[in-house]
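A closer look at the structure
Listed below are the residues making up each chain.
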Amino acid sequence: MTQVARSPKQLGNLIQRARRQKGLTQTELAGLSGLRQELISKIEGGHDGTKLSSIYTLFAALGLDLLVDSRSHGAAVEIEDIF
């Protein structure tokens, strides 16, 4: 199922949901990904400034892909409306 994330908080929620669907704790995901549990907690909490390489590492550990697509027709015109 394709899901949309337009903010760090939304991306964190998607990662957390995927982790929970796989029945993993943050500590277990840390072991699979090689990242620290504390970093996973920050990412799931929507921390700004997370390295893209860390996101890719988590996606690989969770079996997820990152897809880039055009916004839907009903998208907001102003950037402020997105956040």
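Residues numbered from 1 in each chain as written. Predicted model: local features only at pLDDT ≥ 70, side-chain atom pairs only at ≥ 80, totals over all residues. Heavy atoms only, no water.

Points about the overall build of the protein chain
Looking only at helices and strands, the protein chain has four helices and zero strands in total. Moving toward the C terminus, one meets the helices and strands of the protein chain in the order α-α-α-α. Here the protein chain holds 83 residues, and 24% of them are scored as buried. Only carbon and sulfur atoms are counted for the fraction: they give 50% of the accessible area of the protein chain, which is about 6,000 Å². (Helix = DSSP H or I, 4+ residues; strand = E, 2+ residues; numbered from the N terminus. Buried < 20%, exposed > 50% of the residue type's maximum accessible area, 1.4 Å probe, protein only. Areas by Shrake-Rupley, 256 points an atom, 1.4 Å probe, with all protein chains shown as cover.)

Here we look at the pattern of salt bridges
Throughout the structure, instances matching the rule amount to two salt bridges. Across the salt bridge formed by Arg-19 and Glu-44, the nearest N and O atoms sit 2.6 Å from each other. Residue Arg-19 is located in helix α1 (residues 8-21), and its partner Glu-44 is located in helix α3 (residues 37-44); the two are separated by 25 residues in the primary sequence. For Arg-19, a relative accessible area of 6% gives the class buried. Overall, Glu-44 belongs to the buried group, its relative accessible area being 4%. The partner of Arg-36 in a salt bridge is Glu-38, with the nearest N and O atoms 3.8 Å apart. A relative accessible area of 54% means that Arg-36 is categorised as exposed. (Salt bridge = Lys/Arg side-chain N within 4 Å of Asp/Glu carboxyl O.)

Brief notes about the environment of Ser-33
Mapped onto the fold, Ser-33 is located in helix α2 (residues 26-33). Considering only alpha carbons, one finds Ser-33 and Leu-58, 25 residues apart in sequence, at a separation of 6.1 Å.

Let's talk about the environment of Gly-49
Note on placement: Gly-49 falls in the loop between α3 and α4 (52-62). Residues Gly-49 and Pro-8 lie 41 residues apart in sequence; the distance between their C-alpha atoms is 8.7 Å.

Topic: the packing of α3 against α4
Where α3 meets α4, the closest approach of the two axes is 12 Å, and the angle between their N-to-C directions is 100°. Here α3 lies roughly perpendicular to α4, going by the angle between them. The segment α3 lies against α4, with Leu-39, Ile-40 and Ile-43 engaging Ser-54, Ile-55 and Leu-58. (Axes fitted to C-alpha atoms, helices over the stretch in contact; angles between N-to-C directions. Parallel < 35°, antiparallel > 145°, perpendicular 65-115°, else oblique. Contact = heavy atoms within 4.5 Å.)

Remarks on α3
Buried within α3 are the following residues: Ile-40, Ile-43 and Glu-44. Take α3 and look down its axis: the buried residues cluster within an arc of 95°, on one side only. Count one or two residues on from α3 and you reach Gly-46, which has phi positive near 85°. (Arc of directions from axis to C-beta.)

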